[in-house]
Amino acid sequence: MLRDLRNYILENEFKINYIAGKVNIVNYECIDHFSDEKVMIRHSSGTVVIKGENLIISKLLNDEILISGTVKAIELKWLKNLKVKLP
């Protein structure tokens, strides 16, 4: 149990979770753009673009953001020459 807690606290991997109409992004670098129809989040490997309606930031921490609203699309834009390793 302590190992799981330590791994959670020290986690530095970029992650996106979409659950019940909310987008949770962990370990992002900065917010490039925010409006009620589009949110652009930069991370070490590229950019995430979230499009929708009535988008709001429900939670904002130093390394985590939660976006709520009517999410219509999530686009992942990776940097060139990046190799993505899938499980």
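To be clear, the structure that these remarks concern was listed above.
Each value, and the rule that gives it
- Residues numbered from 1 in each chain as written.
- Predicted model: local features only at pLDDT ≥ 70, side-chain atom pairs only at ≥ 80, totals over all residues.
- Heavy atoms only, no water.
- Helix = DSSP H or I, 4+ residues; strand = E, 2+ residues; numbered from the N terminus.
- Buried < 20%, exposed > 50% of the residue type's maximum accessible area, 1.4 Å probe, protein only.
- Contact = heavy atoms within 4.5 Å.
- Pairing = 2+ DSSP bridges.
- Axes fitted to C-alpha atoms, helices over the stretch in contact; angles between N-to-C directions.
- Core = buried A, V, L, I, M, F, W, Y, C linked by side-chain atoms within 4.5 Å.
- Salt bridge = Lys/Arg side-chain N within 4 Å of Asp/Glu carboxyl O.

> I would appreciate a short explanation of the overall build of the chain in the present structure.
Of regular secondary structure, the chain possesses 1 helix and 6 strands. Start at the N end of the chain and walk to the C end: the helices and strands fall as α-β-β-β-β-β-β. Counting only residues that meet the buried cut, the chain has 28% of its 87 residues in that class. Considering only contacts within the chain whose residues lie at least 6 apart along the sequence, 41% involve residues at least 24 apart.

> Sorry, what's going on with the sheet that holds strand β1 (residues 15–19) here?
As a general point, the strands of a sheet are linked pairwise by backbone hydrogen bonds and lie either parallel or antiparallel. Read from one edge of the open sheet, 6 strands run β1-β2-β6-β5-β4-β3, paired in antiparallel fashion. The open sheet is flanked by β1 and β3 (30–34), the only strands paired with a single partner. Looking at each pair of strands side by side, their axes are set apart by 30 degrees on average, direction ignored. Bridge count for strand β4 (residues 38–43) against strand β5 (residues 46–60) is 6 bridges, and the pairing is antiparallel. By the bridge assignment, Ile41 is partnered in β5 with Val48.

> What am I meant to see in the pairing of β4 here?
What you see with β4 is a clean split: Val39, Ile41 and His43 sit on the buried side and Lys38, Met40 and Arg42 on the side with no burial. Taken together, the 4 bridges between β3 and β4 define a ladder with antiparallel strand orientation. Within β4, the position partnered with Phe34 by the bridge is Val39. Here β3 folds back onto β4, and the loop between the two strands holds 3 residues. Here β4 folds back onto β5 in antiparallel fashion, the turn holding 2 residues.

> Would you mind showing me how to read the nonpolar core here?
Nonpolar side chains in soluble globular proteins tend to end up buried together. Counting residues in each nonpolar core, the largest one holds 12 residues, listed as Phe14, Val23, Ile25, Tyr28, Val39, Ile41, Val48, Ile50, Leu55, Ile65, Ile67 and Val71. Of all the secondary structure elements, the ones that give two or more residues to this core are β2 (22–26), β4, β5 and β6 (64–78).

> I'm lost on the pattern of salt bridges in this one. Help?
A side chain with one charge may pair with a side chain of the opposite charge, provided their charged atoms come close. Counting across every chain of the model gives 4 salt bridges. The partner of Asp32 in a salt bridge is Arg42, with the nearest N and O atoms 2.7 Å apart. Here Asp32, found in strand β3, pairs with Arg42, found in strand β4; they are 10 residues apart in sequence, far enough to count as distant. For Asp32, a relative accessible area of 36% translates into the label partly exposed. Residues Lys59 and Glu64 are paired through a salt bridge, measuring 3.2 Å at the closest nitrogen-oxygen approach.

> What is the right way to look at the environment of Glu13 in this model?
Looking at the secondary structure, you find Glu13 in the loop between α1 (2–9) and β1. The contacts of Glu13, once residues within four sequence positions are left out, are Val26 and Asn27.

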